[in-house]
Amino acid sequence: MPDSHPLPTTATVRVQRFNPDNDKKPRIQEFKVPLTADTTILDALHYIKAELDGSLTFRRSCRHAICGSCAMNVNGRNMLVCKTPLTRELDQQARVTIKPLPYLPIIKDLVVDRSSFWEQYQRVKPWLIPPDNVPEKEFRVSPEEVEALHNAETCIMCGACYSACQVIAMTKEYIGPHALLKAFLRVLDPRDAAPGERLADLDGGDGVYRCHTIFNCIDACPKNLNPTQAIETLRKLAQKRQAYEVERAERQKTLTQPVK
Amino acid sequence: MSKPEPLTHDVIVVGAGLAGSWAAMIASQQGVKDVAVLSKIHPLRSHSGAAQGGIAAALGNTRPVPSTGAEGPLEQVPDGSEPSDSLESHIFDTIKGSDWLGDQDAIEIMINDAPRVIYEYEHLGCVFSRTPDGRVNQRRFGGHSAPRACFAADWTGHVLLHTIHEQALRHGVKFYSEWYCMDLIVEDNICRGVVALNILTGEIHTIRAKAVMFGTGGYGRAYKITSNAHANTGDGVAIAYNAGVPLMDMEFVQFHPTGLYKHGILMSEACRGEGGYLVNSQGERFMERYAKAKMELAPRDLVSRSEQQEINEGRGGEADRDAIYLDLRHLGREKILQRLPQVRELAIDFVGTDPIDKLVPIQPTAHYSMGGIPCDASGQVIADAQGTPVVGFYAAGECACISVHGANRLGTNSLLDASVFGRRAGFAIAEFVKGGAQLHPIAGDPAERNRQRVRSRMENPGKESIDKIADALKTTMTINCGVFRDGGKLQIALQDIQRLEERFAHAPIRDKSSRFNTDVLNALETEHLLSFSAVIVAGAIARTECRGAHWRTDHPARDDQNWLKHTLAQRQGEGEPPKLDYKPVNINYEKYPPQERKY
Ligand SMILES: Cc1cc2nc3c(=O)[nH]c(=O)nc-3n(C[C@H](O)[C@H](O)[C@H](O)COP(=O)(O)OP(=O)(O)OC[C@H]3O[C@@H](n4cnc5c(N)ncnc54)[C@H](O)[C@@H]3O)c2cc1C
Ligand code: FES
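Residues numbered from 1 in each chain as written. Chains lettered and ligands numbered in written order. Predicted model: local features only at pLDDT ≥ 70, side-chain atom pairs only at ≥ 80, totals over all residues. Heavy atoms only, no water.

1. Concerning the overall build of chain B
No. 1: Looking only at helices and strands, one finds 16 helices and 22 strands in chain B.
No. 2: Over its C-alpha trace chain B gives a radius of gyration of 23 Å, about what one expects of a compact globule, namely 25 Å for 599 residues.
No. 3: In terms of overall dimensions, chain B has a C-alpha envelope of 70 × 50 × 50 Å along the principal axes.
No. 4: Burial statistics for chain B: of 599 residues in total, 66% are counted as buried.
No. 5: Within chain B, contacts between residues at least 6 apart in sequence are counted, and of these 74% link residues at least 24 apart.
No. 6: For chain B, the accessible surface area stands at approximately 19200 Å², while carbon and sulfur atoms represent 49% of it.
No. 7: Charge centroids of chain B, computed over 65 positive and 74 negative side chains, lie 2 Å from each other. (Helix = DSSP H or I, 4+ residues; strand = E, 2+ residues; numbered from the N terminus. Rg over C-alpha atoms; globule rule 2.2 N^0.38 Å. Buried < 20%, exposed > 50% of the residue type's maximum accessible area, 1.4 Å probe, protein only. Contact = heavy atoms within 4.5 Å. Areas by Shrake-Rupley, 256 points an atom, 1.4 Å probe, with all protein chains shown as cover. Lys, Arg positive; Asp, Glu negative; His and termini not counted. Charge placed at Lys NZ, Arg CZ, Asp CG, Glu CD.)

2. Quick look at the sheet that holds strand β3 (residues 55-56) of chain B
Residues and elements named next belong to chain B.
No. 1: Across the sheet, which stays open at both edges, the 3 strands sit in the order β3-β7-β6 with antiparallel pairing between neighbours. Bordering the open sheet on either side are β3 and β6 (138-139), each of which pairs with just one other strand.
No. 2: As paired strands, β6 and strand β7 (residues 149-150) are joined by 2 bridges and run antiparallel to one another. Each bridged residue has a counterpart across the sheet, and for arginine 139 the counterpart in β7 is alanine 149. (Pairing = 2+ DSSP bridges.)

3. Let's talk about the pattern of salt bridges
No. 1: Considering all chains together, one arrives at 70 salt bridges over all chains under this definition.
No. 2: The salt bridge involving glutamate 232 of chain A is made with arginine 235 of chain A; its shortest N-O contact spans 3.6 Å. Taken together, the residues span about one helical turn, with glutamate 232 of chain A and arginine 235 of chain A both in helix α10 (residues 227-239) at a distance of 3 residues.
No. 3: Owing to a relative accessible area of 15%, arginine 235 of chain A belongs among the buried residues under this scheme.
No. 4: Across the pair lysine 292 of chain B and glutamate 288 of chain B runs a salt bridge whose closest N-O atoms are separated by 3.2 Å.
No. 5: A residue is classified by how much of its surface remains accessible, and lysine 292 of chain B, at 59% relative accessible area, is exposed.
No. 6: Overall, the relative accessible area of 45% leaves glutamate 288 of chain B in the partly exposed class.
No. 7: Taken together, the shared-partner salt bridges connect Asp99, Glu251, Asp301, Arg305, Arg543, Glu545, Arg547, Arg558, Asp560 and Arg597 of chain B into one network. (Salt bridge = Lys/Arg side-chain N within 4 Å of Asp/Glu carboxyl O.)

4. Considering the packing of helix α5 (residues 235-242) of chain B against helix α15 (residues 518-542) of chain B
All names here are of chain B.
No. 1: Close contact between α5 and α15 brings their axes to 9 Å; oriented N to C, the two are set at 70°. As summarised for this structure, α5 and α15 are arranged roughly perpendicular, according to the angle between their axes. Listed contacts from α15 to Asp235, Val237, Ala238, Ile239, Tyr241 and Asn242 of α5 are Glu525, His528, Ser531, Phe532 and Val535.
No. 2: Residue composition of the contact of α5 with α15, by class: 6 nonpolar, 3 polar and 2 charged. (Axes fitted to C-alpha atoms, helices over the stretch in contact; angles between N-to-C directions. Parallel < 35°, antiparallel > 145°, perpendicular 65-115°, else oblique. Nonpolar A, V, L, I, M, F, W, Y, C, P; charged D, E, K, R; others polar.)

5. Things to note about the pairing of strand β16 (residues 360-369) of chain B
Residue and element names in this part refer to chain B.
No. 1: Where burial is concerned, most of β16 is hidden: 10 out of the 10 residues are buried.
No. 2: In this sheet, β16 lies alongside strand β13 (residues 253-260) in antiparallel orientation, the contact comprising 6 bridges. Looking across to β16, one finds that phenylalanine 255 is bridged to alanine 366.
No. 3: Where strand β15 (residues 324-327) and β16 come together, 3 bridges link them in antiparallel fashion. Residue pairing for β16: isoleucine 324 is matched across the bridge by isoleucine 362.

6. Describing the site of ligand 1
Residue and element names in this part refer to chain B.
No. 1: Every one of the 38 residues lining ligand 1 counts as a neighbour, but Ser46, His47, Ser48, Glu398 and Ser414 are closest to it.
No. 2: Within the contact set of ligand 1, an oxygen atom lies 2.7 Å away from a backbone nitrogen or oxygen of leucine 415.
No. 3: Within the residue set of the shell around ligand 1, elements represented by two or more residues are α1 (18-29), β2 (35-39), β9 (179-187), β16 and α11 (413-434).
No. 4: The biggest single contributor to the shell around ligand 1 is α11, with 4 residues. (Near = heavy atom within 4 Å. Polar contact = N/O pair within 3.5 Å; in protein donor to acceptor, adjacent residues only side chain to side chain.)

7. Considerations on the interface of chain B and chain A
No. 1: Taken together, the contacts link 63 residues of chain B with 66 residues of chain A.
No. 2: Buried area between chain B and chain A, summed over both chains or domains, comes out near 5300 Å², and the portion from carbon and sulfur atoms is 51%.
No. 3: Put simply, chain B and chain A have 10 salt bridges between them.
No. 4: Linking glutamate 122 of chain B and arginine 191 of chain A is a salt bridge whose minimum nitrogen-to-oxygen distance equals 3.1 Å.
No. 5: Here chain B is connected to chain A by 39 residue pairs in polar contact (both at pLDDT 80 or more).
No. 6: Elements that contribute at least two residues to the side of chain B that touches chain A include exactly α3 (104-123), α4 (156-170), α10 (341-351), α13 (466-480) and α15 of chain B.
No. 7: No other element matches α4 of chain B, which puts 8 residues into the side of chain B that touches chain A. (Buried area = accessible area lost by both parts, 1.4 Å probe.)

This is the structure:
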């Protein structure tokens, strides 16, 4: 919506509806929703559910971009609807179109089945595998080593990247940007005792080489993370896996000593 | 709807936040084979993940640079120097913060466990922010007399939650994601299982278990302006109450001083911990008038009241003159980007203000539930003031009341509470199950009763809107049972709730389908909000004193003579007010006798 226009008082929200138990195929339904400058898209969905149609179905919880529930497809782009102002997405006729995340089975309306997403997450063993010898206090990790993990640690597992990925669109065998990002977090963490094993797994046909570097994941990520870069890093590390394992083993010898 | 076979597990944990996930992970690690966790939203969406500022432990890793005073910039404590913090100090701060309503034996347990729990988080992969020499970094927080908030930038809860969920997966815990617990089965003081709705299919199941634990989180959604997620509807608290378990200290609801104006979304206390100011519309740092020593880092109850006082006396800002401002500008861009990146984005996204160069409009927001399901330090739920156990029923985290926070919780003590007592409940449950706990028979068909509960609301011919009822409840709770309370306002809240209960009887579920029916959830959650809100108000009416977050303008002083005691509210018949009973506070009169609370 260009800023110069005065704000219309209502918006037309076009929502894709589908209940596989009753409907043959998805359809678009239009709702008129009151509009103010700070109405978010989630507010609009709540308004529809409360006032116009109690059967409209969507996920949400935190309403401030941290729980990852509310990723949807708005005007063809994946985003978190809780932090997106409605005005930002309206066209000249004050319309917006909301659909579920693409390439995933629809459970109902805007709710998708993320089973394959979570299976891949589990497949990369998202947990840290700590070294055998644990100190009485904390492991010593430098601020720089922590900084290197920032690209991955704030991922909220919303699925926006996953469902924007052209490889995922073709095959759910691919591990996917979210799970590779998680794998990156563990591989790069100086405390993890199994980076070699992890890299060997990621090196297979469903892993880091499946990424076609189309960068859709970066555009889709509401947290401004960069899965492509993480995948790139993993690829490089996979190529020098043994050297990296030696490097890690060396680093773990000093994990209980001050870094400076 | 078909009638599925009852499911059975050794242990059912309801709630996959920090409390539930710790308990499940530990029980499993201790050798209980069959541990299952139910969560109405995916475990990683639990509200623990929204916690921003930090988790408290007296590690003593940082201190003010010597000779810069208590407010000075922080540095890492050089190896071999005097300890800069102590367990004693953390214990005393917590007791004082609680306005002496916290049970001192439980507080000691929590704080003694704190360093251990932080180190476990660290060993299990939690990505904490670090000091230059690689230790866990620590910042200041309100009401704490040393920098003891361990943090990961301002997404601390997120990294803690991911760490523990992943470790629970590693230990083979089974997760029922998007299952809604709607009933607890207790007969003769023995817990036998739960009734739960599989949200995807709409089927309602009885789930039998030898032990049930609730880690269902807080009840901030009873208020209109709140920092809490939509999921925080206090289900566990209401379900336990309906099953005959009393609720403790429900009248103590914390209002956080810095919710984004009109939204309630949290701007972490870390903003002030890092040195942020609060100013009124005249640009004054008004905390000078209310807490000269601690200023912005006084405890939350006091700061929220000070803000409300400023607003009430006409010194609020924005169009409605009911905003206060958070000033971070002097911290500088670099510090804001490094330490407070998430809150900066929230301010930009939700009120269109970049804290790097602008004041952020804020207001008090309902934040934390001090009250809840009464239990001891191993999570064992108790049935009365004498401490009779409800066998096989445990609780921890925000839904529980042990009580370590008393009348007011200190910031960063609740992630600690959920972690320490979730963990302890895990050990206690493992011991209970391995000690030969049995599955107990269940009378009647609780699942069928609950199917009927949903069916009758679906078929309800009434025209009332559940959303309007929930909204009216939140409005009256905010206006009449908020930061400042008095007898008159509380009576209005009580009558409003009674009227809303009557209207709710005529409120149908509009979505008639069985698959992923969020309208059913909405109805059940609203039923729960109404039932425990009545308990909050009843406790608040009875308690004619000011203590911590419960502030009665018509009884403007703490009254230890009559009110140094916990409230226990027991459900009576349909539509009747709860029966209030009281329980003494555990106080070590030699070590920590009640004092005047000044900051
Ligand atoms: C915005 C915000 C910031 C905070 N920051 C801090 C901080 O910096 N430091 C600090 O110490 N504390 C902080 N707190 C408080 C702290 O986060 C919470 O008290 C704590 O995380 C609660 O953990 P929990 O495990 O008890 O509950 P939660 O994490 O809320 O988890 C509740 C679980 O129960 C499940 N559940 C609930 N009802 C049902 C049902 N009927 N059926 C099935 N499942 C159900 C939910 O799905 C969820 O998994 C903050 C709170 C908020 C709101
Ligand atoms: S509702 Fe939590 S991310 Fe949008």
